[in-house]
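Close look at the chain arrangement
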Amino acid sequence: MKFSEVIGQEEVRERLVQMVSEDRLPHAIMLCGPTGIGKKALAVAFACYLLGRKAEKPSNPLFSESLDIPESPDNPESPESPMLAKLEHPDLHFTYPTIKLPSMGSDHMPVSDDFAREWHELIMETPYFSMDQWMTAIDAENQQAIITAGESDDLVRKLSLKSSQGGYKVSVIWLPERMNIACANKLLKLIEEPPTQTVFIMVCEEPDKLLETIRSRVQRIDVKKLPAETICQALIDRRGIDPESARRISRLANGSWMKALEELQVGTENEQFLDLFILLMRLAYQRNVRELRKWSETLSAFGREKQKRFLEFFLRLVRENFMYNFHNEELCYMSQKEEDFAKNFARFINEANVLGIYDLANRAIRDIGQNANAKIVFFDFALQLIVLIIQK
């Protein structure tokens, strides 16, 4: 994978390349930021950049040998190397959250290699994917994926071997905050005493969940959300989207290329959520308690993570409908279908009820997060909405 395949993020890209060109590449880097903005893509592209370089005389005390500097980030020694193009380089190692399958023995701790086929298929399709998409790929939507101590043992074994190509060994760790404590402690020791010519590239979304001792031993690089203009142009150039649709999608994406891609898909989760939002509001306005009970049962059938995503979607649409009343296009971030509904509905979200509706949704998110009975939570949520929606 090349840097040119990464959407935007030129500033981080230049910083990474500059660290190499100035011979001050740290042995552990952590790319931090929200999901979908290109951290994983940057990590993979940088790993390929390092592995595509040609060995030279020693100069960096961290490594046994230095590497010559190609003139451009997308011009290492073998930019079209089949091993790098297919992400099958023997010195490139991926670590990611996994689950325990029923077929695994009781004493087996899952490791990344157990799911190497699924990972390779997904990342070759696109490096812009979420934890939910990864869980779907390994048929584990309702389980909790973690990085086990077995993974750190496996990583120690792999990185202790000499580089097969005479250059760097690169370990890309996706979501290190999902390491259990045993794995985190073992990884800490590995980072403190890194094997020769090894570079760790962590891709992190919740750095506060990592051990402080690990955070203090890596160089953190904060990756910013993508500008709407960058997403808009990428949609036009790479996806052939017409400018007006690209502009609307780029505003909805909120800095995430992954979110922009989701908006392009037919039958996305957001479309399902919009239909549920519209149905809820109509039933609440009609005070149709019988149908609201059925609505709550539909929501209770979702997994808890999906229930929370719906409530977060609900909060976003409440905000957008409230702002729609100000008749300022720059304040609203809605799809065409969402805006079509807002034209007649927005007046029902006003100064008298918007804070109450926000509080109601946030309490539901809290209750779902604390494993409350979903049927009760959503039915109570719908009944209280009846009172709030008619306030003016």
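Scroll up to find the structure.
**Details of the packing of aromatic side chains**
All chains considered together, the criterion is met by 24 aromatic pairs. Note on Tyr96 and Trp119: the rings are 4.2 Å apart at their centroids and 5 degrees apart in plane angle, and the pair reads as stacked. With Tyr96 in the loop between β2 (92-95) and α4 (116-125) and Trp119 in helix α4, the pair connects residues that are 23 residues apart, well separated along the chain. Trp119 shares its class with Tyr96; the two are buried.

**A word on the packing of helix α6 (residues 149-159) against helix α7 (residues 181-192)**
Orientation of α6 relative to α7, taken along the N-to-C sense of each, is 25 degrees, at an axis distance of 7 Å. Here α7 runs roughly parallel to α6, going by the angle between their axes. Seen from α6, the contacting residues are Ala149, Ser152, Asp153, Leu155, Val156 and Leu159; seen from α7, they are Ala182, Cys183, Lys186, Leu187 and Leu190.

**A closer look at unusual backbone geometry**
Not every positive phi belongs to a glycine, and Asp23 is a case in point at roughly 60 degrees. On the secondary structure map, Asp23 appears in the loop between α1 (10-21) and β1 (28-32). Using a relative accessible area of 32% as the deciding quantity, one classes Asp23 as partly exposed. Phi is positive for Gln197, close to 60 degrees, though the residue is something other than glycine. Along the chain, the position of Gln197 falls in the loop between α7 and β4 (198-204). For Gln197, a relative accessible area of 5% translates into the label buried.

**Considerations on the environment of Arg251**
With respect to the secondary-structure elements, Arg251 resides in helix α10 (residues 243-252). Along the chain, Arg251 and Ile214 lie 37 residues apart, while their C-alpha atoms are 36 Å from each other. Discounting chain neighbours no more than four positions away, the residues touching Arg251 are Glu329, Glu330, Leu331, Cys332 and Tyr333.

**Observations concerning the pattern of salt bridges**
All chains considered together, the criterion is met by 24 salt bridges. Where Glu22 meets Arg24, a salt bridge forms, and the shortest distance between an N and an O atom there is 2.5 Å. Residue classification places Glu22 among the partly exposed positions, given a relative accessible area of 42%. Between Lys294 and Glu291 there is a salt bridge, with its nearest N and O atoms 3.4 Å apart. One end of the pair, Lys294, and the other, Glu291, are both in helix α13 (residues 289-300), three residues apart, so they sit about a helical turn from each other. With a relative accessible area of 46%, Lys294 lands in the partly exposed category. Note on Glu291: relative accessible area 28%, which makes it partly exposed. What you see here is one network of salt bridges that share partners, running through Asp113, Asp154, Arg157 and Lys158.

**Thoughts on the sheet that holds β2**
Taken together, the five strands give an open sheet; going across it, the order is β2-β3-β4-β1-β5, and neighbouring strands pair in parallel fashion. Only two strands of the sheet have a single neighbouring strand rather than two, namely β2 and β5 (219-222). Averaged over neighbouring strand pairs, the angle between their axes works out to 20 degrees when direction is ignored. As paired elements, β1 and β4 share five bridges and run parallel to each other. If you follow Met30 over to β4, its bridge partner there is Met202. Against the sheet, α1 contacts β1 and β5, and its axis sits at roughly 155 degrees relative to β5. Each of β1, β3 (169-174) and β4 touches α7; the most contacted strand, β4, lies at about 135 degrees to it.

So, how was this worked out
- Residues numbered from 1 in each chain as written.
- Predicted model: local features only at pLDDT ≥ 70, side-chain atom pairs only at ≥ 80, totals over all residues.
- Heavy atoms only, no water.
- Phe/Tyr/Trp six-rings, centres within 6.5 Å; stacked < 30°, edge-to-face > 60°.
- Helix = DSSP H or I, 4+ residues; strand = E, 2+ residues; numbered from the N terminus.
- Buried < 20%, exposed > 50% of the residue type's maximum accessible area, 1.4 Å probe, protein only.
- Axes fitted to C-alpha atoms, helices over the stretch in contact; angles between N-to-C directions.
- Parallel < 35°, antiparallel > 145°, perpendicular 65-115°, else oblique.
- Contact = heavy atoms within 4.5 Å.
- Salt bridge = Lys/Arg side-chain N within 4 Å of Asp/Glu carboxyl O.
- Pairing = 2+ DSSP bridges.

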